[in-house]
Amino acid sequence: MTVFHLDDFLAGWIGGASSVIVGHPLDTVKTRLQAGKGYRNTLHCVVTIYKKENVTGFFKGLSFPLASITLYNSMVFGFFSNTQRLISRYRYGDGRHPCSMLDLTVASMLTGLVSVGVGAPVDLVKIRLQMQTQPVLAENFNLAGNGSVPLRSMGIQSQSLYRGPLHCISTVLQNEGIQGLYRGAGAMIIRDVPGYTLYFIPYTLFCNWLNPDGNAAPHPCCIWLAGGLAGSISWVTATPTDVVKSRLQADAMQHRKYKGILHCIVQSYKTEGIHVFFRGATVNAIRGFPMCATMFLGYELSLQFFRSF
């Protein structure tokens, strides 16, 4: 029997595409709250973006995630599912044998670790593009740091630094080298290794509770609810490390403020207090539900479709 299944990757791609479209507007709000300045709360951030940048402001950087995060989610779900089968085959002699909680934990943690290889550059480019504002905002825009420093005083033009995803990648490579694309990767590992454990395990548990008859495929409503709850749990618990990751990745070389993870944590705490590490938690909870519900629903339904032939 073949352990490696390609359909998991394709189903993950479809689920990822649908979740990006649903979750990107609130992802932009989350990034601005965590790595930006001048927003009092979630509602104020939403209103400010809309007033200054219109609806298009919420969809900044969408083209790149739509192309890349779909690939990323394809890798995540494909790797996780195939790792489960490999573990089952190694431990029980049958890749179809149900995984224990320990098996799921190992598969989830490995997925979180491997995902950073693709996810770190994708997230960095997405965040750099999201942090760009219209010229009217650029006057007083400041990435997370000490005080409010006008961009012009730092020799940066009050206009978009990046013309698009490819220009962003080439600029980062030119100014910061290949390691620039992986800035914040350490924080991402700290976020995603436990984060994916608190993503896949709650989903599996909720599906089992909502679908006691394990022989039947879960109802789409069960999949949607289980995926949404798992997503909210995972994103809320990951918020402190997500704040650090976002700040490191938004910290461009021209006005770099953080030397590394520990320095970012200490400086953020000194200037803004402990509450800064929970900035965006509300958005993460709200955004995590529909985004992950759509992700799991798209994945599971696509998988059922592919395997019906």
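Quantities reported herein were computed from a predicted structural model and do not represent experimental measurements.

What follows concerns the packing of helix α9 (residues 220-237) against helix α10 (residues 239-250). Pairs of packed helices are described in terms of their axes, by the angle between the two and the distance that separates them. The geometry of α9 relative to α10 is characterised by a closest axis approach of 5 Å and an angle of 60° between their N-to-C directions. The orientation of α9 relative to α10 falls into the category oblique. For the pair α9 and α10, contact is made by Trp235, Val236 and Thr237 and by Thr239, Pro240 and Asp242, respectively. Here the residues of the contact of α9 with α10 are counted per class, giving 3 nonpolar, 2 polar and 1 charged.

Throughout the structure, instances matching the rule amount to 13 aromatic pairs. The interplanar angle of 85° and the centroid separation of 6.2 Å between the aromatic rings of Phe200 and Phe296 together place this pair among those described as edge-to-face. Here the residue Phe200 occupies a position in helix α8 (residues 185-210), and Phe296 occupies one in helix α12 (residues 281-306), the gap between them amounting to 96 residues. A relative accessible area of 2% places Phe200 in the buried class. Taken together, the ring pairs in this structure connect Phe77, Phe80, Tyr196, Tyr199, Phe200, Tyr203, Phe296 and Tyr299 into an aromatic cluster.

Quick look at the environment of Leu104 now. Topologically, Leu104 is positioned in helix α4 (residues 101-130). Taking the C-alpha atoms as reference points, Leu104 and Ser81, 23 residues apart in sequence, are found 9.7 Å from one another. Non-local contacts of Leu104, meaning those with residues more than four positions away in its chain, are made with Phe80, Gln84, Cys99, Ile201 and Thr204.

Parameters and conventions
- Residues numbered from 1 in each chain as written.
- Predicted model: local features only at pLDDT ≥ 70, side-chain atom pairs only at ≥ 80, totals over all residues.
- Heavy atoms only, no water.
- Axes fitted to C-alpha atoms, helices over the stretch in contact; angles between N-to-C directions.
- Helix = DSSP H or I, 4+ residues; strand = E, 2+ residues; numbered from the N terminus.
- Parallel < 35°, antiparallel > 145°, perpendicular 65-115°, else oblique.
- Contact = heavy atoms within 4.5 Å.
- Nonpolar A, V, L, I, M, F, W, Y, C, P; charged D, E, K, R; others polar.
- Phe/Tyr/Trp six-rings, centres within 6.5 Å; stacked < 30°, edge-to-face > 60°.
- Buried < 20%, exposed > 50% of the residue type's maximum accessible area, 1.4 Å probe, protein only.

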